[in-house]
Amino acid sequence: MVSPSALKGYLLEEALAWLLRSSGYRLLVHADQDPVELVDQGGDLRVRGRGALHQADVLGEFTFTPAFSMPVRLFLEAKYRKESCDLPMVRNAHGVVHDVNENYMAGSGARPRQRYKYSYVLFSASGFTADAQKYALAHHISLVDLSGPTFDFLRGIIDVTANELGETQDHLLEVGNSKKRVFPVSWMRSMLREYLGTAPPNLLSPHVDLVGEFQRKAGRTLTEFAETLVRRSGSELLLGFPAAPFILPLATENYEKFIAFGTGQPDHKVRIRRHGSGGRAEWKLSPAEAPDAYELTFKLPEQIEDWIGEVADEEISRAVKVKQQFLSEITLYRMNDGGVRAYQLRYEPGSLSRMRRTDA
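All values derive from a computational prediction rather than experimental measurement.

S.K.: Give a description of the overall build of the protein chain that names residues and reports values.
M.R.: The helix and strand inventory of the protein chain stands at 9 helices and 17 strands. Considering the protein chain as a whole, with its 360 residues, one finds that 49% of them fall into the buried category. In the protein chain, of all internal contacts separated by at least 6 residues, the share reaching a separation of at least 24 is 65%.

Put into structure tokens, the structure is as follows:
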């Protein structure tokens, strides 16, 4: 049986793959998309490393190759647990990405082959421990905290869906002639990806023969989950790339407002405000010259928030220092008519307006 937290993690990964659908990444789901680097094993997609094969539940390939770099691929992993993600999870992410990036041998007569730069992003619905954050910052593993109010909606529909699926686990698929019952995770992923259009339909795993009652109940639950996401089609999770050892997941209720403004001014100044304090702090970003044109919300690593709030009298000045050091330039990429468009958001101290201490 799949544990409730693992099931929620699977649903969260598929939801994130959909939310990131226009950020320049295409989903890799089958070894046919790259027979050299990828392997299908037992229904799971795996990536070849120097020392082992590594499972990739969600693997994306960036459609734009940065200058002086190799094509970029991204492991996406999501955890939905009551407790914060700890150091072993982040250490495992580092081990995986290090091993796959080392999987290259050069020698006389060796056939040249394509190389990739693999990165790893770990999402958590309950944050990360202090040790996990320190390790991630040191080894450039991106951690994304989804515990803030911006993601209440997403966590809510995942809770409801996972609970409904859990109630159907008495009607699971029997494997062969054994009495062992397993939850058909590959079927669930394929169904969601087909409905949400996040992967090529011809490369999705074939639908397995399921116990009829389970297939009807689980299928209806997953369809309702996908339909709920689609009804929020104005929402996206844009990836922002600052000059920092972390990425910024930028949430928005209406991405079309951002696109409308960014199309006319792809390079523009922004103002950035901090609301709240500590681990619950969230940051709001909007155009400096037209604050009502759009708004993007994000969170910074808790370790940085702890430093900002460490000395009450310095909270505002430290928040400004973080903006100047890490958030002065944020680059976003988005698919646009088959190509990739870049947007440059520039924070300058002159755009800082007077605000309350907790709104630094």
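Having put the structure on the table, let's press on.
S.K.: Break down helix H6 (residues 212-231) for me, with residues and values.
M.R.: Along its 20 residues, H6 runs 28 Å from first to last C-alpha, staying within 8% of the 28 Å computed at 1.5 Å per residue. The set of residues buried in H6 consists of Phe 214, Ala 218, Gly 219, Thr 221, Leu 222, Phe 225, Ala 226, Thr 228 and Leu 229. Of the surrounding elements, those touching the buried residues of H6 are helix H1 (4-19), helix H4 (152-166) and helix H5 (185-196).

S.K.: Account for the pattern of salt bridges, with residues named and values stated.
M.R.: Between side chains of opposite charge, pairing is possible as soon as their charged atoms come close. Applying the stated rule across the entire model yields 22 salt bridges. The partner of Arg 50 in a salt bridge is Glu 102, with the nearest N and O atoms 3.5 Å apart. With Arg 50 in the loop between strand S3 (44-48) and strand S4 (53-55) and Glu 102 in the loop between helix H2 (87-101) and strand S7 (117-124), this residue pair connects regions lying 52 residues apart in the sequence. Of the residues examined, Arg 50 reaches a relative accessible area of 62% and is grouped as exposed.

S.K.: Quick one: what's the story with the side chain of Asn 101, residue by residue and with numbers?
M.R.: Inspection of the secondary structure puts Asn 101 in helix H2. A distance of 3.0 Å separates a polar side-chain atom of Asn 101 from the backbone oxygen of Val 97. Those residues in contact with Asn 101, other than ones at most four positions away along the chain, are Arg 115, Tyr 116, Lys 117 and Tyr 118.

S.K.: So what's going on with empty space enclosed by the protein? Which residues, and what values?
M.R.: Per the counting criterion, the structure on display carries 2 cavities of 30 Å³ or more. One number sums up the size of the largest cavity: a volume of about 220 Å³. Contributing to the lining of the largest cavity are 19 residues, with Leu 143, Val 144, Asp 145, Leu 300 and Pro 301 lying nearest its centre. Counting only elements with at least two residues in the lining of the largest cavity, the list comes to helix H3 (130-139) and strand S8 (142-145). Tallied by class, residues from the lining of the largest cavity come to 14 nonpolar, 2 polar and 3 charged. Along its surface, the second largest cavity is lined by Glu 37, Val 100, Asn 101, Asn 103, Tyr 104, Arg 113, Arg 115, Tyr 116 and Tyr 118.

S.K.: Break down the sheet that holds strand S2 (residues 38-41) for me, with residues and values.
M.R.: The 3 strands lie next to each other as S2-S3-S4, forming an open sheet whose pairing is antiparallel. Edge positions in the open sheet fall to S2 and S4, since each of these has one partner strand only. Along the sheet, successive strands turn relative to each other by an average axial angle of 40°, direction set aside. Two strands pair when backbone bridges link them, and S3 and S4 are joined in this way by 3 bridges, in the antiparallel orientation. What sits directly across from Arg 48, in S4, is Leu 53.

S.K.: Requested: an account of the sheet that holds strand S6 (residues 72-79), with residues and values cited.
M.R.: Ordered in space as S1-S5-S6-S7-S8, the 5 strands form an open sheet in which the pairing is mixed. Each of the sheet's edge strands pairs with one partner strand only, and the pair in question is strand S1 (25-28) and S8. Adjacent strand axes in the sheet meet at a mean angle of 30° when their direction is disregarded. With 4 bridges joining them, strand S5 (residues 58-62) and S6 adopt antiparallel strand pairing.

S.K.: Can you break down the pairing of strand S11 (residues 236-242) residue by residue, with the values?
M.R.: Most of S11 is tucked away: 6 of the 7 residues are buried. The pairing of S11 with strand S12 (residues 248-252) spans 5 bridges and is classified as antiparallel. In the sheet register, Glu 236 faces S12, and the bridge partner there is Thr 252. Turn length for the S11-S12 hairpin, with the two strands adjacent in sequence and antiparallel, is 5 residues.

S.K.: If you had to explain the confidence of the model for the protein chain to someone new, which residues and values would you point to?
M.R.: When pLDDT is averaged along the protein chain, the result is 86; 89% of the residues meet or exceed 70. Of all secondary-structure elements in the protein chain, the lowest mean pLDDT belongs to strand S9 (residues 173-174), at 56, while H2 reaches the highest, 96. Low pLDDT, under 50, characterises residues 351-360; the stretch is placed with 27 contacts to residues that sit more than four places away or in other chains.

S.K.: Could you give an account of unusual backbone geometry, with specific residues and numbers?
M.R.: The backbone phi angle of His 140 is positive, close to 60°, even though this residue is not glycine. Since its relative accessible area comes to 52%, His 140 is described here as exposed.

Scoring rules and cut-offs
- Residues numbered from 1 in each chain as written.
- Predicted model: local features only at pLDDT ≥ 70, side-chain atom pairs only at ≥ 80, totals over all residues.
- Heavy atoms only, no water.
- Helix = DSSP H or I, 4+ residues; strand = E, 2+ residues; numbered from the N terminus.
- Buried < 20%, exposed > 50% of the residue type's maximum accessible area, 1.4 Å probe, protein only.
- Contact = heavy atoms within 4.5 Å.
- Expected span 1.5 Å × (residues − 1).
- Salt bridge = Lys/Arg side-chain N within 4 Å of Asp/Glu carboxyl O.
- Polar contact = N/O pair within 3.5 Å; in protein donor to acceptor, adjacent residues only side chain to side chain.
- 1 Å grid on protein atoms, 1.4 Å probe; cavity = no way out; pocket = protein on both sides within 12 Å on 5 of 7 lines; lining within 4 Å.
- Points joined across faces, edges and corners; volume = space filled by probe spheres on them.
- Nonpolar A, V, L, I, M, F, W, Y, C, P; charged D, E, K, R; others polar.
- Pairing = 2+ DSSP bridges.
- Axes fitted to C-alpha atoms, helices over the stretch in contact; angles between N-to-C directions.
- pLDDT = per-residue confidence, 0-100.

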